[in-house]
Protein chains: 2
Amino acid sequence: VTGTALRTALAYYEAWTGGDFEKAMTYIAPEITCDAPAGPLRGADAFRAFMGPFAAMLRGADLRAAYGDDTTALLMYDTRTALVGHAPGAERHTVENGLITHLQIVFDRQPFTEARLRANADQ
Amino acid sequence: VTGTALRTALAYYEAWTGGDFEKAMTYIAPEITCDAPAGPLRGADAFRAFMGPFAAMLRGADLRAAYGDDTTALLMYDTRTALVGHAPGAERHTVENGLITHLQIVFDRQPFTEARLRANADQ
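Scoring rules and cut-offs
- Residues numbered from 1 in each chain as written.
- Chains lettered and ligands numbered in written order.
- Predicted model: local features only at pLDDT ≥ 70, side-chain atom pairs only at ≥ 80, totals over all residues.
- Heavy atoms only, no water.
- Helix = DSSP H or I, 4+ residues; strand = E, 2+ residues; numbered from the N terminus.
- Polar contact = N/O pair within 3.5 Å; in protein donor to acceptor, adjacent residues only side chain to side chain.
- Contact = heavy atoms within 4.5 Å.
- Buried area = accessible area lost by both parts, 1.4 Å probe.
- Salt bridge = Lys/Arg side-chain N within 4 Å of Asp/Glu carboxyl O.
- Pairing = 2+ DSSP bridges.
- Axes fitted to C-alpha atoms, helices over the stretch in contact; angles between N-to-C directions.

## Some thoughts on the side chain of Asp78 of chain A
For Asp78 of chain A, the position within the fold is in strand S4 (residues 72-81). Within the structure, Asp78 of chain A has its side chain in polar contact with the side chain of Arg64 of chain A (distance 2.6 Å). At a separation of 3.2 Å, a polar atom in the side chain of Asp78 of chain A contacts the side chain of Gln104 of chain B. For Asp78 of chain A, the residues in contact, after removing those within four places along its chain, are Gly60, Ala61, Asp62, Arg64, His86, Ala87 and Pro88 of chain A together with Gln104 of chain B.

## Focus: the interface of chain A and chain B
Think of interface size as the accessible area that goes away when the parts come together; that is how it is often given. Taken together, the contact pairs 25 residues of chain A with 25 residues of chain B. Counting the surface lost from both chain A and chain B, the interface buries some 2100 Å², and carbon and sulfur atoms represent 61% of this. Three residues stand out in chain A for area buried against chain B, namely Tyr67, Leu74 and Met76 of chain A, and they jointly supply 31% of the buried area on that side. One can count two salt bridges joining chain A with chain B. Between Asp108 of chain A and Arg109 of chain B there is a salt bridge, with its nearest N and O atoms 2.6 Å apart. Summed over the shared surface of chain A and chain B, the number is 10 residue pairs in polar contact (both at pLDDT 80 or more). Every element with two or more residues in the side of chain A that touches chain B is listed here: strand S3 (58-68), S4, strand S5 (87-96), strand S6 (99-107) and helix H4 (110-121) of chain A.

## A look at the sheet that holds strand S1 (residues 28-36) of chain A
All names here are of chain A. In space, the six strands of this open sheet follow the order S2-S1-S6-S5-S4-S3, with mixed pairing throughout. For this open sheet the edge positions go to strand S2 (39-42) and S3, each flanked by a neighbour on one side alone. Taking each pair of neighbouring strands and ignoring which way they run, the sheet shows an average axis angle of 20°. With nine bridges connecting them, S3 and S4 associate as antiparallel partners. Bridge pairing links Ala65 to Met76 in S4.

So this is what it looks like as structure tokens:
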């Protein structure tokens, strides 16, 4: 693995998919901006509130591709959760001084929305 | 740009986002397999039926990151369509002999579904 941004992105990925979300957060800049499917997020607290619950329900992840250079990294992975058995995601990271200052995350919200509607209908 | 897979992936991307979907299809292997949000697709005809209508409604696209090597490429981009003003996507391409034999595409279906529901409600 070459490229400092890619190294940081992979360390973040390995931490949150490995069950250590607090370690993952040590790679997140306090002033991070995040482009998420539901809209922009600003700051590490907002990022934690978005990503923490997903990390907590993760049952497994497989890295599909990871590339980058000294400033930017790009990852694609598949995830398994109790809600959705197959949910791929992709992330673009901007890294400065070893911290992720911008993260754009792309995934399909629809299966999660449908699973929650089914769960509510079953109650 | 180094890496033959990345060159092919970018040629495909430039063609379909530039309004020449038929040129884009010349980079697609007849036996392509595609992992799309709604499920797997098999063969160039199924891929054309999936991607053609989206390409036809595209109003603009911006490449956010592109990396790859001789066998695999990874792209992230933003799109604008009449239905959804801001729809990012990510694609992982496997390339053999200058043709894309596998393409995993990740995007959020939810804003498209919501826009179609609104359009139907307005009728």
